[in-house]
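Tertiary structure, described
Below, each chain spelled out in residue letters.
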Amino acid sequence: MKLLLVDDDATLTAALRRGLTAEGFTVETAADGRDGVWRGREGGYDLILLDIMLPGANGYRVCAELRRSGVRTPILMLTAKDGDLDEAEGLDTGADDYLRKPFSFPVLVARIHALLRRASLGGPAPLEVGELRLDLRARRAVLGREVLPLTARELELLTFLVRRAGRAVSKSEILAGVWDDAFDGAPNVVEVYVGRLRRKLGGGSPRIETVRGLGYRLER
């Protein structure tokens, strides 16, 4: 599961990232509201942890903008503010839950798991491009009538490209969206995985095109 943590408190962010990574989550971060909106739209996250007091745009505005953009990712608001009206405003803008600081880490993890369970009951809608159908709930890719034998990372990369079908994406965007922010390996890992996906997709539809000087684009 991939989480986005939007908080400008560097100390808290580092502590939560360490703890949540130890719990098995992949955690990416944003330190201001504008970056939070961009990442929330583009990153394909399973859940967003969103502080209210942020530079650039506060958490209410970030949440409202994501919902207006059609992002249905569960959002758990984190805040030092204490009051029923603040909680009501957060929920009214589209947040799914609200947790006041300071909170205990086990409670945070329990809230995250509860929201993820709730989201999984409805199940995300399948994604389709050409002859490819991605069942995100079952974590399965079907091309025509054949189930593709994909590794977890290959499926993440294919999902990232399908969500951006028809649009050129750079290697750095792919690294940030599929691998986490702490990845310090060689960027050519993207080329390796794209090569694997091309072989498994074959020559039909969709296909992964190379965009010279930029990166890749998934075409029907």
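Now for a description of the structure that goes with this document. (Residues numbered from 1 in each chain as written. Predicted model: local features only at pLDDT ≥ 70, side-chain atom pairs only at ≥ 80, totals over all residues. Heavy atoms only, no water.)

A closer look at the sheet that holds strand β5 (residues 97-100)
We count it as follows: Any two strands with at least two DSSP-identified bridges between them are counted as paired. By definition, any uninterrupted DSSP run of H or I lasting at least four residues is a helix, any uninterrupted run of E lasting at least two residues is a strand, and each is numbered from the N terminus. Axis angles are defined between N-to-C directions and span 0 to 180 degrees, where every axis is a line fitted to C-alpha atoms and, for a helix, only to the segment in contact. For this analysis, residues touch if any pair of their heavy atoms sits within 4.5 Å.
Strand order in the open sheet formed by 5 strands is β2-β1-β3-β4-β5, with parallel pairing between adjacent strands. Both outer strands of the open sheet, β2 (26-30) and β5, are each paired with one neighbouring strand and no more. Each neighbouring strand pair of the sheet contributes to a mean axis angle of 20°, computed without reference to strand direction. Direction of pairing for strand β3 (residues 47-51) relative to strand β4 (residues 75-79): parallel, over a ladder of 4 bridges. Its bridge partner being in β4, Asp51 is matched across the sheet by Leu78. The sheet contacts of helix α3 (residues 59-68) involve β3 and β4, and relative to β4 the element is tilted by about 170°.

A few points about the environment of Leu143
Secondary-structure assignment places Leu143 in strand β8 (residues 140-143). As for Leu143 and Gly204, which are separated by 61 residues in sequence, their C-alpha atoms are 9.2 Å apart. When residues no more than four places from it in sequence are discounted, the contact partners of Leu143 are Glu131, Leu132, Leu148, Lys200, Leu201, Ser205 and Pro206.

Let's talk about the sheet that holds strand β11 (residues 207-211)
Ordered in space as β10-β12-β11, the 3 strands form an open sheet in which the pairing is antiparallel. Of all the strands in the sheet, the pair left with one neighbour each is β10 (169-170) and β11. Those strands touched by helix α8 (residues 189-201) are β11 and β12 (215-219), and its axis lies near 145° from that of β11.

Re the packing of helix α7 (residues 171-178) against α8
As a reminder, the rule being used: Each angle gets one of four labels, with under 35 degrees taken as roughly parallel, over 145 as roughly antiparallel, 65 to 115 as roughly perpendicular, and the rest as oblique. When residues are sorted by character, Ala, Val, Leu, Ile, Met, Phe, Trp, Tyr, Cys and Pro go into the nonpolar class, Asp, Glu, Lys and Arg into the charged class, and all the rest, Gly among them, into the polar class.
At a closest axis distance of 10 Å, the pairing of α7 and α8 adopts a crossing angle of 80°. In terms of axis orientation, α7 runs roughly perpendicular to α8. Every residue of α8 that contacts α7 at Lys171, Ile174 and Leu175 is listed here: Val189, Val190 and Glu191. Taken together, the residues that form the contact of α7 with α8 break down as 4 nonpolar, no polar and 2 charged.

Some thoughts on helix α1 (residues 10-22)
Convention followed: Between the first and last residue of a helix there are one fewer steps than residues, each counted as 1.5 Å, and that sum is the expected span. Relative accessibility decides the category of a residue: with a 1.4 Å probe and only protein chains considered, values under 20% of the type maximum give buried, values over 50% give exposed, and everything between is partly exposed. Here the arc refers to the set of directions running from the helix axis out to each C-beta atom. In protein, a polar contact requires one atom able to donate a hydrogen and another able to accept it; more generally it is a pair of N or O atoms within 3.5 Å, and residues adjacent in sequence count only if both atoms are side-chain atoms.
Taking 1.5 Å of rise per residue, the 13 residues of α1 would be expected to cover 18 Å, and the 18 Å separating its terminal C-alpha atoms lies within 8% of that figure. Residues of α1 that are buried include every one of Thr13, Leu16, Gly19 and Leu20, and no others. Viewed along the axis of α1, the buried residues span an arc of 140°, placing them on a single side of the element. Turned more than 90 degrees off the buried face of α1, the exposed positions are Ala10, Thr11, Arg18 and Ala22. Structurally, the start of α1 carries an N-cap: the backbone nitrogen of Thr11 is 3.1 Å from a side-chain oxygen of Asp9.

As for the packing of helix α2 (residues 33-42) against α3
Two measures define how a pair of helices packs: the angle their axes make with one another and the distance between the axes. To keep things clear, this is the line we draw: Put simply, a crossing is left-handed when the front helix is turned counterclockwise from the back one by less than a right angle, and right-handed when it is turned clockwise.
The contact between α2 and α3 brings their axes to 9 Å, and the two run at 25°. As far as their axial angle goes, α3 and α2 are roughly parallel. As α2 runs across α3, the sense of the crossing is right-handed. Residues Gly33, Gly36, Val37, Gly40 and Arg41 of α2 form the contact with α3, whose own contacting residues are Val62, Glu65 and Leu66. Its residues assigned to classes, the contact of α2 with α3 shows 3 nonpolar, 3 polar and 2 charged.

Brief notes about the side chain of Ser205
Position of Ser205 among the secondary structure elements: in the loop between α8 and β11. For Ser205, a relative accessible area of 18% gives the class buried. Setting aside residues no more than four positions away along its own chain, Ser205 makes contact with Gly130, Glu131, Leu132, Leu143 and Arg220.

Let's talk about the pattern of salt bridges
Cut-off, in case you're wondering: Should a side-chain nitrogen of Lys or Arg be within 4 Å of a carboxyl oxygen of Asp or Glu, the pair is scored as a salt bridge.
Within this structure, the stated rule accounts for 14 salt bridges. Linking Arg39 and Glu28 is a salt bridge whose minimum nitrogen-to-oxygen distance equals 3.6 Å. Of this pair, Arg39 sits in helix α2 while Glu28 sits in strand β2, placing them 11 residues apart in sequence. The exposure class assigned to Glu28 is buried, which follows from its relative accessible area of 0%. Its salt-bridge partner being Asp97, residue Arg111 comes within 3.3 Å of it at the nearest N-O pair. In this pair, Arg111 is assigned in helix α5 (residues 105-122) and Asp97 in strand β5, connecting sequence segments 14 residues apart. Looking at Arg111, the relative accessible area reads 27%, which means it is partly exposed.

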